[in-house]
Structures are given as C-alpha cells and as structure tokens.
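The primary structure of each chain is shown beneath.
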Amino acid sequence: MEQQDFFLKGISPSVKFAIFSLLSLVLLLVDSHYRVLNIVRDVVTVGLRPLQTIATAPVTATRWVSDFVELQSNLLKENGRLQRQVLADNSQLLRMQSLQHENAELKQLFASSQIMARPPLYGEVLYGGKDPFTRKIIINRGSNHGVGLGQIAVDSQGVLGQVTRVLPLVSEVTLVTDRNHTVPVRVQRTRQRGVVVGTGQSDVLEMRFMPVNVDIKPGDILESSSVGGIYPEGLPVARVLKIDHPGSLMFARIYCAPIGNVDKNRYLLILREEQAMPSRPEEPVVKESKSRRGKRGVND
Amino acid sequence: MPVYMEPKQILRPVSSLWITFTFLLAFTLNFIPWDNRVVTFQPDFIAMLLIYWCIHQPGRIGVGIAFLVGIIMDIADANVFGQHALAYVVVAFVAWQWRRRILMHTLLQQSAHALVLLLLAQLTMVITRMLGGGPFIGLGYFVSSITGALLWSTLSHMLQAPQRQSVKAKYEATNAS
C-alpha cells in the first residue's frame, strides 16, 4: 500500500479519507442539532438554480406541449364542468359570506382572536423532493412572492402540508405524510380533538394518542383544528380507514388516508391566514395535555 | 483470476473541462423530477461518475472532490448536511483502493464491482439516517444500485468517447497528410 506511488503527492488518500469522513460526520451532527448552516445552504441553492432549471426543462416543456395540444372537445367538456362547478360553488359562497360576517360579529362580541385574511397564493409543484427518507415537494413560489415559513398548502380536496423552508424563488412543502409531520385535528362528527402524524408512506397517516374506547369509526373525516395556531380551522385532512385495538397498547391504532392528493397534484394553494394569538398564560402549565402536543405543527 | 488481456486502445488524456462537464451533466440528471415510481429506479449518477473517475483518473478525482460533490448533493436534495458527503467519501476511497483490480476486468465484471460500490454508498446513507433516528426504508430503495450497475458499461463507453474520438481523428488527419 505504501509503495503505490513513486512520487509523493500531498497527503495520502487514507489520511484524506479519515479527514473528510470525520468532517462529514461533524457536519451531520452540527446540522441535525443546530441550524447554523442555513446561510451556506441558501448560497449554494442559488448557484444550483440554473442546473435545476435545465433539469426541469423537459418536464416543463412536456407540460406546456400537452397543454397546447389538448383536444378542443376535451377543453369544452372541462369548461362546461368547471362552469357548473363555479355555479354550485358560488351559491355556497354567497351563503358562506353572510355566515362569515355573522361569525366575525359574534367573535367580536366574545373578543376572540381575529383571523387576518390575506388572499391565498397559487403555486405549482416543481418536483418531488429526492430524499426517500422524507416526504417533501418543491413549489415555484418563494419569499419573493410572499410565502412564509409555516404556511399551509392545500389543494381542492384538503390539506397537503406545510411550508418548511423558504428560498427566494422556490419553497419546500413538507407533506402531511412525512414521518415528522404532525397536524392538530378534530373528528368532524364528534368534535373529538387529536393529532395526526405521518408514517412516511404516501397513503397512510396515523392518529395517535387516542384511548382504546374512543368514538371513531372508519369513514370519519378528520379536519384541522386551530389548536396550536398554525393550521386554520376546518380544513379536511384525512379519512379514517381502520381502527385497531391491540391489547398490549394503551392507545388505539387509528389509520387514516390523506384527503388531499398528496402525491398526484400539480397545483396548490398556499394559505396565508395568520391568527392573532393571545399572549401566553403567566402560570406555567403543569400537565402536558394531548392537545398541547398538536402545537408542534412545524416539523423539524 | 480472469485477466483482461486483449490489446487495449490507447486513449488520449482526459481534459479537466470534460470531467467538469460530466459532473454538471450528472447533477442535471440527478435533479430531473421523476415520478415517485420511477425515482426508485433512478441511479445516483453522481456516485457512478465518482466511481468511474476515481478508477480512471485517481490522481485528479479523489476523496476531496467526492466530499465537495456530496455537500452540493445534500443541499440540492434538501438533506441533512454530510449524508451524501460521507457516502461519497467512503465510496471514492474504496474505489481508489480497488482501482487497479477493477481495471483488469471486462466491463461486465466491472459493473459487478460498481454494484457493490453503489450499494455501499446507499448503505452508508441508510445507516447515517437510521443513526439519526430514521426508520429502515425498505429493500426497494436499493433497486437503483442495480440500474446503476446495468448502466455501467454504457456510461464507460460514453465517458471514453471524446478520448477515443480524438485519437481516431488525429490518426486520420496524419494519414491524410
């Protein structure tokens, strides 16, 4: 091994190997425990942007071409369907507006928290995150367009996920199916609160920490509760698939499927509502309750 | 041990520009947004390229470049810093150690070596993630190494093309004059 090279060229590869593997291990530890390397990340991402644009160009082109050569009959059909949809939606919207007014007035009477409504942002999915260990998508809206950390992404069906990293031109949305993602929810039928956690598989979520005798049936809709102040109230999140009562566990195992098209959608909306939170209570909370766990909406 | 004894073509030296260009191309290939089903088959082009250049140009491409490229991949994939870097450093080192042995084999036998090296890269990444508290991701994750190994001979031919071509062009030019 020592006699491999006639001439010495700097440090030997074994030493280099030791140095660089140690360096990567240190980086791994530093990055997973402290978020200090984000500046480096931002700079390099800007540099990589042209390459990513080139890489996504074929996809953009095929999308553009398929949009362009869409049959007119299909377009007419879809147009008709959308028109009918708009009519139906509008009639509901009219009722909803009056309800919203009424609700706002009532809330003012109770001096409860105000929701600052800003128009939602419309975005398109650029590509799915490559890391197979997490469930993330990259969208074509960034801080230049007004995306902020922790905002919620939805599609026409339900919640998709939450913005977890914002760059100037693109941002990263962690899907509800990600293993570290938690959504505070309540059961639509019974108003029972709980949390839904991703499993890392694309079509299964799990509702955790529910007692064995909880009143939840397959087919129940879980909608977001505003506990924690990150998710707006009442967005459909998941549908209950199956409930197991393993004798060995304290909690029931409740499996659900996400309602939003988590893996198939191309367009999405970023909701930018901000809830004015009341100030924290002064007395320290002694007991860690279930709903409090829902506060950890932002994954880390 | 089977030794590849057929006469080999003498290749022109590799230009640094070509190496840089191949890395840019591999990055672009790695960034292509595949469908979720296809993505399990997509080989890590950067890892393949690193193995190739570590074997063929051990003086130029080594552990240091592997680290640098790994960091860039980590950022592009929005991963934890150091995951790809560690995997690539390990693979580059092993490829460097094995370079003489691998070059003695035919392309088909080389791709078997490449399979082992690509699996090593993926295994390193899985282990780092599992040490960080992740779950085991399933055996399907390793399928992309097999695709990578299948593409090995194509990759080798393509990467050597400019070296071959210039030899041929020069030969023809001298013959014509």
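The structure under discussion appears in the preceding block.
Report follows, based on the coordinates. (Residues numbered from 1 in each chain as written. Chains lettered and ligands numbered in written order. Predicted model: local features only at pLDDT ≥ 70, side-chain atom pairs only at ≥ 80, totals over all residues. Heavy atoms only, no water.)

### Some thoughts on the pattern of salt bridges
Residues and elements named next belong to chain A. The following threshold applies: Counted as salt bridges are all cases of a side-chain nitrogen of Lys or Arg within 4 Å of a carboxyl oxygen of Asp or Glu. Runs of H or I in DSSP of at least four residues are treated as helices and runs of E of at least two as strands, each being numbered from the N terminus. A simple rule labels every residue: compare its accessible area, found with a 1.4 Å probe on the protein chains alone, to the largest value its type can have, and call it buried under 20%, exposed over 50%, or partly exposed in between.
Counted according to the given criterion, the structure contains eight salt bridges over all chains. For the salt bridge of Lys 136 with Glu 172, the shortest nitrogen-to-oxygen distance reads 3.7 Å. One end of the pair, Lys 136, is in strand E3 (residues 136–139); the other, Glu 172, is in strand E6 (residues 171–175), and 36 residues separate them in sequence. Accessibility expressed as a relative area gives 18% for Lys 136, which makes it buried.

### Structural notes on the interface of chain B and chain A
For clarity, the threshold we go by: Any two residues whose heavy atoms approach within 4.5 Å at even a single point are treated as in contact. Using a 1.4 Å probe, buried area is obtained as the accessible area two parts lose upon being combined, added over both of them. Counting of polar contacts relies on pairs of N or O atoms within 3.5 Å, with two restrictions inside protein: one atom must be capable of donating a hydrogen and the other of accepting it, and residues adjacent in sequence are counted only when both atoms are side-chain atoms. Residue polarity follows a fixed list, in which Ala, Val, Leu, Ile, Met, Phe, Trp, Tyr, Cys and Pro are nonpolar, Asp, Glu, Lys and Arg are charged, and the others, Gly among them, are polar.
Between chain B and chain A, the contact holds 43 residues from the first and 40 residues from the second. Buried area between chain B and chain A, both sides added, is near 3,600 Å², and the carbon and sulfur share of it is 71%. Taken together, the links from chain B to chain A amount to zero salt bridges. At the junction of chain B with chain A, the criterion picks out two residue pairs in polar contact (both at pLDDT 80 or more). Secondary structure elements with two or more residues in the side of chain B that touches chain A: helix H1 (16–31), helix H2 (36–39), helix H4 (63–76), helix H5 (83–104) and helix H6 (107–131) of chain B. Tallying contributions element by element places H5(B) first for the side of chain B that touches chain A, with ten residues. Along the lines of polarity and charge, the residues of the side of chain B that touches chain A split into 26 nonpolar, twelve polar and five charged.

### Brief notes about the pairing of E6(A)
Residue and element names in this part refer to chain A. For clarity, the cut-off: By the convention used here, strands pair only if DSSP detects at least 2 bridges between them.
The element E6 is largely enclosed, with a buried count of five among its five residues. Side chains Ser 171, Val 173 and Leu 175 project from E6 onto one buried face, and the interleaved Glu 172 and Thr 174 project onto a second face that is buried too. Looking at chain direction, E3 and E6 are connected through four bridges and run antiparallel. Within E6, the position partnered with Ile 137 by the bridge is Val 173. Here strand E5 (residues 159–166) pairs with E6 via five bridges, running antiparallel. Bridge assignment links Arg 165 to a residue of E6, and that residue is Glu 172. Where E5 hands over to E6, the hairpin turn is made up of four residues, counted between the paired strands.

### Structural notes on the side chain of B:Ser145
Residue and element names in this part refer to chain B. Note on placement: Ser 145 falls in helix H7 (residues 143–150). A polar contact is formed between the side chain of Ser 145 and the backbone nitrogen of Leu 119, at a distance of 3.5 Å. When sequence neighbours within four positions are dropped, the list of residues in contact with Ser 145 reads Leu 115, Leu 118, Leu 119 and Gln 122.

### Some words on the sheet that holds strand E9 (residues 205–211) of chain A
Residues and elements named next belong to chain A. Using the following cut-off: Axis geometry follows a simple rule: fit a line to the C-alpha atoms, using only the stretch in contact for helices, then measure angles between N-to-C directions, giving values from 0 to 180 degrees.
Strand order in the closed barrel made by the six strands is E7-E8-E9-E12-E11-E10, with antiparallel pairing throughout. On average, each strand axis in the sheet is tilted by 40° relative to the strand beside it, whichever way the strands run. Pairing analysis gives four bridges linking strand E8 (residues 193–198) to E9, with the strands arranged antiparallel. Within E9, the position partnered with Val 195 by the bridge is Arg 208.

### Examining the pairing of E9(A)
Residue and element names in this part refer to chain A. Hairpin connection between E8 and E9: a loop of six residues separates the two successive antiparallel strands, and Gly 200 in this loop has a positive phi of roughly 95°. Taken together, the five bridges between E9 and strand E12 (residues 251–258) define a ladder with antiparallel strand orientation. From the neighbouring strand, Pro 211 faces E12, where its bridge partner is Phe 251.

### A short note on the nonpolar core
The following threshold applies: Residues belong to one nonpolar core when they are buried, are Ala, Val, Leu, Ile, Met, Phe, Trp, Tyr or Cys, and are joined through side-chain atoms within 4.5 Å.
Membership of the largest hydrophobic core comes to 46 residues, with the highest contact counts inside it found for B:Phe23, B:Phe31, B:Ile46, B:Ile51, B:Trp53 and B:Tyr88. Put simply, the parts of the chain that give this core at least two residues each are helix H2 (38–68) of chain A together with H1, helix H3 (45–56), H4, H5, H6 and helix H8 (152–176) of chain B. No other element matches the eleven residues that H3(B) contributes to this core. If we skip the residues at most four places from it in the chain, B:Phe23 touches B:Ile46, B:Leu49, B:Leu50, B:Trp53, B:Ile61 and B:Val69. If you look at the next biggest cluster of nonpolar residues, it comprises 37 residues, including A:Val147, A:Leu160, A:Val187 and A:Val196.

### Looking at H1(B)
What counts, and what does not: Under the convention used throughout, the expected extent of a helix is 1.5 Å for every residue step, that is, one less than its residue count.
Its 16 residues give H1(B) an end-to-end C-alpha distance of 23 Å, which sits within 8% of 22 Å, the value for a rise of 1.5 Å per residue. All of the buried residues along H1(B) are B:Ile19, B:Thr22, B:Phe23, B:Ala26, B:Phe27, B:Thr28, B:Asn30 and B:Phe31.

Function cannot be inferred from these measures alone, as they are strictly geometric.
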